[in-house]
Amino acid sequence: MKVPVKVDGRELTLSNLDKVLYPDYGFTKAEVIDYYSRIAPVLLPHLRGRPLTVKRYPNGVTGQSFFEKNAPDHTPDWVRRVNLPAPGSTKNRETIDFAVVEDLPTLVYYANLAALELHVPQWRVDEDGRALPPDTLVFDLDPGPPATIVECTRVALLLRDVLKQEGLKALPKTSGSKGMQLYADWDCREEPSAYAKRLAQLLEKEHPDQIVSVMTKKLRPGKVFIDWSQNNPAKTTVAPYSLRAKDQPTVSTPLTWKEVESCEHPDDLVFTAPDALARVEKRGDLFGRA
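Quick caveat, the model's predicted, so the values are computed rather than measured.

Colleague: Sorry if this is basic, but what is going on with the nonpolar core here?
Modeller: A general trend in soluble globular proteins is that nonpolar side chains are found buried together. Val32, Tyr35, Tyr36, Ile39, Leu47, Leu107 and Tyr110 are the most contacted members of the largest nonpolar core, which totals 44 residues. For this core, the secondary-structure elements that each account for two or more residues are strand S2 (10-15), strand S3 (20-22), helix H1 (29-47), helix H2 (104-112), strand S9 (115-120) and helix H6 (273-283). Per-element tally for this core: the top contributor is H1, with 10 residues. The residues contacting tyrosine 110, other than those within four sequence positions of it, are Leu52, Val54, Ala71, Pro72, Ala99, Val101 and Ala115. Formed by 32 residues, the second largest nonpolar core is a distinct cluster that contains Cys152, Val155, Ala196 and Leu255.

Structural data, given as structure tokens:
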């Protein structure tokens, strides 16, 4: 069944609204669209100007999924697109037409495509669609089982203190999966991947029982991998307030440092779509830096 709607003056056709995209939770496509519509005031500033990569789940989180960088052929004319080089493209493209989500109609359009996960780079484009220097530094903290997000919080506190000494203010969020991320405004003092790698290696040297700075799987059990490579311009990180394709509709959720400091169990930092909406209503955007 198709439903024509008007969103901020734009005409859209929504489809399969009763399709369950999170079977274990009974969360439908209509609820996904509702979540993204309601979270939009705090989400859109973090997407604005950033070329979008989505992970789509047309048959729900238990079905096949695919990453999509190129805006689909049926993308409405009013969706902003930017054509950018695509080094290393898996489809041998020289350039990609990325969408840039800057308004509610575009966000609803992608939600209707079952684009559950929204991923963006650490840089923006200017008004002419040209890439600007990175404005964000990100550290992705990935726990190697049996480590969990609890161990990630301990590493986050160490990293926060190092960044503070460097004159950078870190903001924490959950990944919405099993780990978490720290963001900081970036002043281009040097190449961001090299800078992040150096800090990760420093912490690994100081805390070898807790931290690893290389991706090698066999080195990671029980430790937290500080993934500094997310700062490569070709890479993306899940956006604040994006849904994740887990058993339940978890959200990559901004945190307070008090929550990080007091975390004692992995469930302490699991937030679903309704949780994220309630938090924003109460606290506003804890990532209000964009």
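That was the structure; now back to the text.
Colleague: It is not clear to me how the packing of aromatic side chains should be interpreted in this structure. Could you clarify?
Modeller: Two descriptors summarise a pair of aromatic rings, namely the distance from one centre to the other and the angle between the planes of the rings. Per the counting criterion, the structure on display carries 6 aromatic pairs. Each ring, one from tyrosine 22 and one from phenylalanine 27, has its centre 5.7 Å from the other, and the planes form 80°; the classification is edge-to-face. Each residue in the set Tyr22, Tyr25 and Phe27 is aromatic and connected to the rest through ring pairs, giving one cluster. One residue, arginine 160, lies across the ring of tryptophan 257, its end atom 4.7 Å from the ring centre. A cation sits over an aromatic face here: arginine 279 above phenylalanine 271, 4.2 Å from the ring centre.

Colleague: I would appreciate a short explanation of unusual backbone geometry in the present structure.
Modeller: Trans is the common state for peptide bonds, and a negative phi is the common state for residues other than glycine. The peptide bond linking proline 145 to proline 146 adopts the cis configuration, its omega dihedral lying at 10°. Turning to its location among the elements, proline 146 is positioned in the loop between strand S10 (136-143) and helix H3 (149-165). If you check the backbone angles, asparagine 16 has positive phi at about 50° while not being a glycine. Tracing the sequence through the fold places asparagine 16 in the loop between S2 and S3.

Colleague: Please explain the sheet that holds strand S5 (residues 53-56) as it appears in this structure.
Modeller: Strand-to-strand pairing in sheets goes through backbone hydrogen bonds, with the strands running parallel or antiparallel. Spatially, 4 strands are ordered S6-S5-S9-S15 in an open sheet, and the strand pairing comes out antiparallel. Taken across any chain shown, the strands that pair with only one partner, and hence form the sheet edges, are strand S6 (66-68) and strand S15 (237-238). The pairing of S5 with S6 spans 3 bridges and is antiparallel. Within S6, the position partnered with valine 54 by the bridge is glutamate 68.

Colleague: I keep staring at empty space enclosed by the protein and nothing clicks. Help me out?
Modeller: Over the atoms rolls a probe the size of a water molecule, and its path tells where empty space is left. Applying the stated criterion to the full structure yields 2 cavities of 30 Å³ or more. Reported here for the second largest cavity is a volume of approximately 40 Å³. In terms of residue class, the lining of the second largest cavity is built from 5 nonpolar, 2 polar and 2 charged.

Colleague: How do you make sense of the pattern of salt bridges when you look at a structure like this?
Modeller: Where charged atoms from two side chains of opposite charge come close, those side chains can pair. As enumerated under the stated definition, the model contains 17 salt bridges in all. Linking glutamate 117 and arginine 244 is a salt bridge whose minimum nitrogen-to-oxygen distance equals 3.2 Å. Within this pair, whereas glutamate 117 is found in strand S9, its partner arginine 244 is found in the loop between S15 and helix H5 (257-262), the two being separated by 127 residues in sequence. What makes arginine 244 buried here is its relative accessible area of 13%. Arginine 130 is the partner of aspartate 126 in a salt bridge, and the nearest nitrogen-oxygen pair spans 3.1 Å. The network of salt bridges with common partners includes Arg50, Arg124 and Asp135.

Colleague: Please clarify how the pairing of strand S1 (residues 2-7) should be interpreted in this entry.
Modeller: Working note: regular strand, side chains alternate between the two faces of the sheet. Note: S1 against S2, 6 bridges, orientation antiparallel. In the strand pairing of S2, valine 5 is matched with leucine 12. Taking the residues between adjacent antiparallel strands as the criterion, S1 and S2 are bridged by 2 residues, where aspartate 8 takes a positive phi near 50°.

Colleague: Is there a simple way to explain H1 in this structure?
Modeller: One full turn of an α-helix is made of 3.6 residues, so residues set three or four places apart face in the same direction. Taking 1.5 Å of rise per residue, 19 residues should cover 27 Å, yet H1 covers just 21 Å from first to last C-alpha, more than 12% shy of that figure. At alanine 40, H1 shows its largest kink, close to 75°, and the proline proline 41 lies no more than four residues downstream. What H1 keeps buried is the set Lys29, Val32, Ile33, Tyr35, Tyr36, Ile39, Ala40, Val42, Leu43, Leu44, His46 and Leu47. Check the buried side of H1 and you find it contacts S2, S3, strand S4 (27-28), H2, S9 and H6.

Cut-offs applied
Numbering of residues begins from 1 in every chain and follows the order in which that chain's sequence is written. Since the coordinates come from a predicted model, pLDDT governs what is reported: local features require at least 70, and pairs of side-chain atoms require 80 or more to be given and counted, while whole-chain, interface and lining totals use all residues. To get the side-chain values, take all heavy atoms of the structure and skip hydrogens and water. Nonpolar cores were defined as sets of buried Ala, Val, Leu, Ile, Met, Phe, Trp, Tyr and Cys residues, with membership established by side-chain atoms within 4.5 Å. Only protein chains enter the calculation, and the probe is 1.4 Å; a residue is then buried if its accessible area is under 20% of its type maximum, exposed if over 50%, and partly exposed in between. Under the scheme used here, helices are H or I runs from DSSP no shorter than 4 residues and strands are E runs no shorter than 2 residues, and both carry numbers assigned from the N terminus. Throughout, a contact is declared for two residues whenever any of their heavy atoms are within 4.5 Å. Each Phe, Tyr or Trp ring, with Trp reduced to its six-membered ring, pairs with another whose centre is within 6.5 Å; inter-plane angles below 30 degrees give stacked pairs, above 60 give edge-to-face pairs, and intermediate values give tilted ones. Here, a charge over a ring means that NZ of Lys or CZ of Arg falls within 6 Å of the ring centre while also lying within 35 degrees of the ring normal. Between any two strands, pairing holds if DSSP finds at least two bridges. For each structure, a 1 Å grid was placed over the protein atoms alone; sets of points admitting a 1.4 Å probe that cannot get out are labelled cavities, open sets with protein on both sides within 12 Å along at least five of seven lines are labelled pockets, and lining residues have an atom within 4 Å of a point. Grid points are joined across faces, edges and corners, and a volume is the space filled by probe spheres set on the points. For this classification, Asp, Glu, Lys and Arg are treated as charged, while Ala, Val, Leu, Ile, Met, Phe, Trp, Tyr, Cys and Pro are nonpolar and the rest, including Gly, are polar. Criterion for a salt bridge: a side-chain nitrogen of Lys or Arg within 4 Å of a carboxyl oxygen of Asp or Glu. To estimate how far a helix should reach, multiply one less than its number of residues by 1.5 Å. One axis is fitted to the seven residues ending at the residue and one to the seven starting there. The bend at that residue is the angle between these axes.

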